[in-house]
Amino acid sequence: QKLSMGRVFISGARFSTTAALAEANHALARAYVQAIELDDAVAGNSNYLTDARQALTEASKYAQQLRDPLRRVLLLETSARLWLLQENVASAITDAEDALRQAAQIPTLTDFYDPHFTLYSAYATQQNSARAAEHLRQYLKGYGFKMSADQRAALEDELKALQRNPQLQPKGGKKKKGDKDH
């Protein structure tokens, strides 16, 4: 008897149907998010944003049935990126911070820096240079060695620009207790 790869994959011993459906919907949501982020022609297509949120909602429903904290963290990070694309910065920050908090509890995610980039983008959108710089610094610390020299240099330049921003200084130019010189 011949079986399709999809049937073998879904009915295989490693994956339950619920896990496969959670993963498939999450992959679909990530694909929409990446298409929006990488293709300017797609970026204005609100159908992609709606479809991505719908796929993410489905993935979350399936993930809630599983006892897999890793999947929940990855869904939160994707959700944060999608909220940012939907211009809901507050929800993006909430989901990305939740992803970082939950990732800290999972030994295999101690080097998960993606939410830092999302938080850098969200805080930069809010013109909160101090918080944007903090998260960009963390992102570079974790992933800088994986980037091309040009990519790393561009982000390091962005970090320097954020650090020079006057919003980094407390009102009145005074340092807060415990602040250090950089």
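Reading the values: the criteria
- Residues numbered from 1 in each chain as written.
- Predicted model: local features only at pLDDT ≥ 70, side-chain atom pairs only at ≥ 80, totals over all residues.
- Heavy atoms only, no water.
- Helix = DSSP H or I, 4+ residues; strand = E, 2+ residues; numbered from the N terminus.
- Expected span 1.5 Å × (residues − 1).
- Buried < 20%, exposed > 50% of the residue type's maximum accessible area, 1.4 Å probe, protein only.
- Arc of directions from axis to C-beta.
- Phe/Tyr/Trp six-rings, centres within 6.5 Å; stacked < 30°, edge-to-face > 60°.
- Lys NZ or Arg CZ within 6 Å of the ring centre and 35° of its normal.
- pLDDT = per-residue confidence, 0-100.
- Contact = heavy atoms within 4.5 Å.
- Axes fitted to C-alpha atoms, helices over the stretch in contact; angles between N-to-C directions.
- Parallel < 35°, antiparallel > 145°, perpendicular 65-115°, else oblique.
- Left-handed = near helix turned anticlockwise from the far one by under 90°.
- Nonpolar A, V, L, I, M, F, W, Y, C, P; charged D, E, K, R; others polar.
- Salt bridge = Lys/Arg side-chain N within 4 Å of Asp/Glu carboxyl O.

Undergrad: Tell me what's going on with helix α9 (residues 149-164), and back it up with residues and numbers.
TA: Along its 16 residues, α9 runs 22 Å from first to last C-alpha, staying within 8% of the 22 Å computed at 1.5 Å per residue. Where α9 is concerned, the buried positions are Leu155, Leu159 and Leu162. Looking down the long axis of α9, one finds its buried residues gathered within 60° of arc, a one-sided arrangement. Across from the buried face of α9, at angles greater than 90 degrees, the exposed residues are Asp150 and Arg164.

Undergrad: Pulling in residues and values, what's your account of the packing of aromatic side chains?
TA: Counted under the stated rule, the structure contains five aromatic pairs. Judged by centre distance (5.3 Å) and plane angle (80°), the ring pair of Tyr32 and Tyr48 falls under edge-to-face. Residue Tyr32 is located in helix α2 (residues 17-38), and its partner Tyr48 is located in helix α4 (residues 46-64); the two are separated by 16 residues in the primary sequence. Judged by relative accessible area, Tyr48 falls into the partly exposed class, the value being 28%. Taking 5.5 Å as the distance between ring centres and 75° as the angle between the ring planes, the aromatic pair formed by Tyr113 and Tyr143 counts as edge-to-face. Taken together, the residues span a long stretch of sequence, with Tyr113 in the loop between α6 (89-103) and α7 (114-125) and Tyr143 in helix α8 (residues 129-143) at a distance of 30 residues. Here Tyr113 matches Tyr143 in class, with each residue buried. In textbook terms, an aromatic cluster arises when at least three aromatic residues are bridged by ring pairs, as seen for Tyr113, Phe117, Tyr120, Tyr139 and Tyr143. Its guanidinium or amino end placed over the ring of Trp83, Arg53 lies 3.8 Å from that ring's centre, counting from NZ or CZ.

Undergrad: Tell me about the confidence of the model for the chain, and please be specific about residues and values.
TA: Of all residues in the chain, 81% have pLDDT values of 70 or greater, and the mean over the chain is 83. Put simply, helix α1 (residues 5-11) is where the chain has its lowest mean pLDDT, 47, and α6 is where it has its highest, 96. Here residues 1-13 is modelled with pLDDT under 50, and outside its nearest four sequence neighbours on either side it reaches seven contacts, counting other chains as well.

Undergrad: Run through the packing of α2 against helix α5 (residues 69-85), naming residues and quoting values.
TA: Where α2 contacts α5, the axes come no closer than 10 Å and their chain directions differ by 30°. Classified by the angle their axes make, α2 and α5 are roughly parallel. Once α2 is placed against α5, the crossing between them reads as left-handed. Along the contact surface, α2 presents Ala19, Ala22, Glu23, His26, Arg30, Val33, Gln34, Ile36 and Glu37, while α5 presents Arg71, Leu74, Leu75, Thr78, Arg81, Leu82 and Leu85. Class assignment for the residues of the contact of α2 with α5 results in eight nonpolar, three polar and five charged.

Undergrad: Could you give me a rundown of the environment of Tyr120, with the residues and numbers involved?
TA: Positionally, Tyr120 belongs in helix α7. Tyr120 sits 12 residues away from Ala132 along the chain, and the two C-alpha atoms are 4.2 Å apart. Leave out the neighbours within four places in its chain, and Tyr120 touches Ala132, His135, Leu136, Glu158 and Leu162.

Undergrad: Give me the lowdown on the pattern of salt bridges, citing residues and values where you can.
TA: Tallying each qualifying case throughout the model produces nine salt bridges. In this structure, Lys61 engages Glu58 in a salt bridge whose closest nitrogen and oxygen atoms are separated by 2.8 Å. With Lys61 and Glu58 both in helix α4, this residue pair falls three residues apart, about one helical turn. On the basis of relative accessible area, Lys61 is assigned to the partly exposed category, the value being 44%. We classify Glu58 as partly exposed; its relative accessible area is 26%. For Arg101, the salt bridge identified is with Asp98, shortest N-O distance 2.4 Å. Taken together, the residues span about one helical turn, with Arg101 and Asp98 both in helix α6 at a distance of three residues. Counted as one network, the salt bridges with shared partners bring together Glu23, Arg30, Asp68 and Arg71.

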